[in-house]
Structures are given as structure tokens and as C-alpha cells.
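The primary structure of each chain is shown beneath.
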Amino acid sequence: MKKTIITVLTILLLAGNFLFAQTNARFITSGTIEYQKRVNTFQVMTNVVSKDADANVKTMMQQQLDQYKRTQAQFATFNSRLSFSNNKMLLTPILPAVPYQSFQLNPISAESNTIYTDLAAGNIVMAKDAMGELFLLKDSVRKVKWRIINETRDILGYNCIRANGLVSDSIYVVAYYTDKIRVSGGPELFAGLPGMILQLAIPHENVSWVATKITDTAPTTPITPPQKGKPTTTKQLLATIKKSMDAYRKSGLNVDYYLKILGLM
């Protein structure tokens, strides 16, 4: 009888501790996250040259790449800050003191987009530099087909769950998100998981993001959309750029790859 009473008391004590822990578990709904984007510029520069390019063009581009490799690091890094509060987010670039000397045809060698996201409304407003002009894109939140995987890793003390995703049914991405941050966001235009994405990679496009700092206090500045730029949509902008770059296709530029990268970022 005494053993039974002790067993029951032990179970009740453990249950009480579990419930206390659950009651006091801290879930974040507002704060700021700093991300670092890492780009393999050598590989990107290789990819922007079409496989069907003229031999002379390939030779010229290889010479430029060789010269670039002698003066620049293989991986370029860029930083951004995501402020979030409930279902609204604002991603802004943290510009380097000295601009990175990037290859002129490298479409992802800069971190200059300012992106406002309203998850509840399903809308984004983005100020984007493209082809030397500032555009103001208003569009819907990007749709990603996510599949959650039974794999975890620790990122800045947060247990993160892996998810594999497809963008436009062809672009493979890998993300790690935490459900302790109860906002369905992430770096750049990526969202849609049951928590905040702290690490993301697009392997084939040689680019990745990882959170480097998390602050769990409310942002001190209002989360509002950018206002400056020529109004357009993502589809319209890509069509405009494609038309203006058709001449480059003949010179050996892989325009489709270039546009795909611009659409992702």
C-alpha cells in the first residue's frame, strides 16, 4: 500500500513539473533576427555563362573568372536584419562599410532588398534594386511546398526542425525553423512553416542564410512597408528584365538562370 502511495505521489510530482514547464515555456512573437547570406560567387559566375555560348565568349569569361579568383574571396557574405511583430515583418539590409567588389553579372552578390511582409493578409511589398533602378514590388507571399523532415539541429540555442521545400515546382530549398518563435517567416521571401526559419539554403543556386543574432524584445521602430520605387509586380519586373537582356543571350549570358536568381531574391 505504501509503495502504491509513493508511486502515485511520484507520478503527480512529475506531472506537476511538466505542466509547470509547459505553462512557463517562453514563445516569442516579436523581436529582431540578424541573418548572414553566403554566396559562392565563383560558382555563380560560372553558371551565368550559357552552355551554348560561343567558344570565344567562354574563353573571355573564363579569363575574367580567373582574374576575379586572384583578387576576390570565393564566398561573399551579406547581412540583413528582420524585425517582426506577430504577423508583420520588415527585412532591411545591413550595408557593409566598404561595398563588395562583385562581378558585374552576378545577380545575387548584393544584399539590398527591403521587404515588408504581412503574413495575415498574405502580401509583400519589396523595394528592389535591379538593372540600376529601384522598383517597388507589391505581390503575394511566395508559395513554397514544404515537407517537414525528422531531423533537427541547434541554431543559437533554438532547437530547429528541418523542412525541404520546392519553389515553382523545380527549385529545391532546405530550411531549419524553430516553433519557439511563433511567426511563420524567414530570410528574404521565404515563409510558410509553423515557426521562424533560422537557416535556409538553395543548394543548386549556391546561396544560403543563417541567423547570427536573435533579440526577443519588440522592435523599437514601426514595421511599415517601403514607399520608394517604380511600382510593379515580380512577374512584370522579370518580363521587363528578360526583354532588355535578350541581346545578352546571344553574347553567351544564361538569361534564364539570371532571371531565376532574381526571382528568388
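Numbering of residues begins from 1 in every chain and follows the order in which that chain's sequence is written. Per-residue local features are limited, in this predicted model, to residues with pLDDT of at least 70; the limit for side-chain atom pairs, both in listing and counting, is 80 or more; totals at the level of whole chains, interfaces and linings are taken over all residues. To obtain the side-chain values, all non-hydrogen atoms of the structure were included, while hydrogens and water were left out.

Spatially, twelve strands are ordered β7-β8-β9-β10-β11-β1-β2-β3-β4-β5-β6-β12 in an open sheet, and the strand pairing comes out mixed. Only two strands of the sheet have a single neighbouring strand rather than two, namely β7 (144-155) and β12 (230-232). Sheet twist, expressed as the mean angle between neighbouring strand axes with direction ignored, is 20°. Relative to strand β9 (residues 171-178), strand β8 (residues 158-167) runs antiparallel, the two sharing seven bridges. Opposite alanine 163, over in β9, you have alanine 175 as the bridge partner. A pair of strands is considered paired only if DSSP assigns at least 2 bridges between the two. Secondary structure elements follow DSSP: runs of H or I no shorter than four residues count as helices, runs of E no shorter than two count as strands, and numbering proceeds from the N terminus. Between N-to-C directions, angles span 0 to 180 degrees; the directions come from axes that are lines fitted to C-alpha atoms, helices contributing only their stretch in contact.

Turning to the nonpolar core, a few remarks are in order. As used in this record, nonpolar core signifies buried Ala, Val, Leu, Ile, Met, Phe, Trp, Tyr and Cys residues forming a set joined through side-chain atoms within 4.5 Å. Think of it in three bands: with a 1.4 Å probe and only protein chains considered, a residue is buried below 20% of the maximum accessible area for its type, exposed above 50%, and partly exposed in between. Ile33, Trp146, Ile181, Phe190, Met196 and Leu198 are the most contacted members of the largest nonpolar core, which totals 59 residues. For this core, the element with the highest residue contribution is β9, accounting for six residues. Residue contacts are defined here by distance: any two heavy atoms, one from each residue, within 4.5 Å place the two residues in contact. Other than its neighbours up to four places away in sequence, isoleucine 181 contacts Ile28, Ile33, Phe84, Tyr158, Gly195, Met196, Leu198 and Ile214. Formed by six residues, the second largest nonpolar core is a distinct cluster that contains Tyr116, Val125, Leu136 and Ile223.

In this analysis, the expected span of each helix is defined as 1.5 Å times one less than the number of residues it contains. Compared with an ideal rise of 1.5 Å per residue, which puts 17 residues at 24 Å, helix α3 (residues 55-71) spans 25 Å between its outermost C-alpha atoms and is within 8% of the ideal. On its buried side, α3 packs onto α2 (41-47).

Turning our attention to the pattern of salt bridges. Within this document, salt bridges are pairs made up of a side-chain nitrogen of Lys or Arg and a carboxyl oxygen of Asp or Glu, the two lying within 4 Å of each other. The tally for this structure, following the rule as stated, stands at three salt bridges. Residues glutamate 34 and arginine 81 are paired through a salt bridge, measuring 3.2 Å at the closest nitrogen-oxygen approach. Taken together, the residues glutamate 34 in strand β1 (residues 30-40) and arginine 81 in strand β2 (residues 75-85) connect sequence positions 47 residues apart. The closest approach of N and O atoms between glutamate 151 and arginine 162, which form a salt bridge, is 3.3 Å. Of this pair, glutamate 151 sits in strand β7 while arginine 162 sits in strand β8; the two residues are eleven residues apart in sequence, bridging distant segments of the chain.

Attention now moves to the pairing of strand β6 (residues 133-140). With eight bridges connecting them, strand β5 (residues 123-130) and β6 associate as antiparallel partners. Note that in β6 the partner of valine 125 across the bridge is lysine 138. Counting the residues in the hairpin turn of β5 and β6 gives two residues, including methionine 131, whose phi is positive at 55°.

Take the packing of aromatic side chains next. Pairing of aromatic rings covers Phe, Tyr and Trp, the last through its six-membered ring, and needs centres within 6.5 Å; plane angles under 30 degrees mean stacked, over 60 mean edge-to-face, and all others mean tilted. Using the criterion set out here, one finds one aromatic pair in the structure. With a centroid separation of 6.0 Å and an interplanar angle of 55°, the aromatic rings of phenylalanine 190 and tryptophan 209 are classed as tilted. Here the residue phenylalanine 190 occupies a position in the loop between β9 and β10 (196-202), and tryptophan 209 occupies one in strand β11 (residues 207-215), the gap between them amounting to 19 residues. In this structure, phenylalanine 190 and tryptophan 209 share a single accessibility class: buried.

On to the environment of valine 144, then. If you trace the backbone, valine 144 turns up in strand β7. On the accessibility criterion, valine 144 (15% relative accessible area) is buried.

Attention shifts here to the confidence of the model for the chain. A residue's pLDDT is the predictor's confidence in that residue, given on a scale from 0 to 100. Per-residue pLDDT for the chain averages 80, and the proportion of residues at 70 or more is 80%. Every residue in residues 1-24 is under pLDDT 50, and counting partners more than four places away or in other chains gives zero contacts.

One non-glycine residue, asparagine 86, lies in positive phi territory at about 55°. Mapping asparagine 86 onto the fold places it in the loop between β2 and β3 (88-94). The class for asparagine 86 is partly exposed, based on a relative accessible area of 46%. A positive phi angle is found at leucine 156, which is not glycine, with a value near 55°. Along the chain, leucine 156 falls in the loop between β7 and β8.

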